[in-house]
Amino acid sequence: DVFASVGADGSVRMFDLRSLEHSTIIYESPNLDALLRLEWNKQDPNYLATFRVDSRRTIILDIRVPSLPVAELGGHLACVNATAWAPHSSCH
């Protein structure tokens, strides 16, 4: 019963539905650049993806290891504006 959000303060915050007055910051972007979107991995709910504003990289996070990205995926020719996990793959 948890959910996460990203925001202009550059953080990924996790909330527990049983105690909404508190949140846990699991990641802060370098220089506190705004984070735009968040996508949970439906095959493994320990992983989520997000990205910074005006960035060509996607950040992969493991909620069990806060603060450190598992990976940063690059190679995009333009800024990322949406993300999705491969729906039938346990590794993406």
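Our subject is the structure that appears above.
Residues numbered from 1 in each chain as written. Predicted model: local features only at pLDDT ≥ 70, side-chain atom pairs only at ≥ 80, totals over all residues. Heavy atoms only, no water.

Bringing the packing of aromatic side chains into the picture now. Under the criterion given, the structure shown has 1 aromatic pair. Taking the centre distance of 5.0 Å and the plane angle of 15° together, the rings of F3 and F15 count as stacked. Note that F3 is positioned in strand β1 (residues 2–6) and F15 in strand β2 (residues 11–16), a separation of 12 residues in sequence. Assessed through its relative accessible area of 33%, F3 is described here as partly exposed. (Phe/Tyr/Trp six-rings, centres within 6.5 Å; stacked < 30°, edge-to-face > 60°. Helix = DSSP H or I, 4+ residues; strand = E, 2+ residues; numbered from the N terminus. Buried < 20%, exposed > 50% of the residue type's maximum accessible area, 1.4 Å probe, protein only.)

A4, V12, M14, I26, Y27, L35, L48, I59 and L61 form the largest nonpolar core, which has 9 residues in total. Looking at this core, the elements that each hand over two or more residues are β2, β3 (19–28) and β6 (58–62). (Core = buried A, V, L, I, M, F, W, Y, C linked by side-chain atoms within 4.5 Å.)

What follows deals with the environment of S19. Its place among the elements puts S19 in strand β3. Note: C-alpha distance between S19 and L36 (17 residues apart in sequence) is 25 Å.

Worth remembering: the numbers are spatial, not functional.
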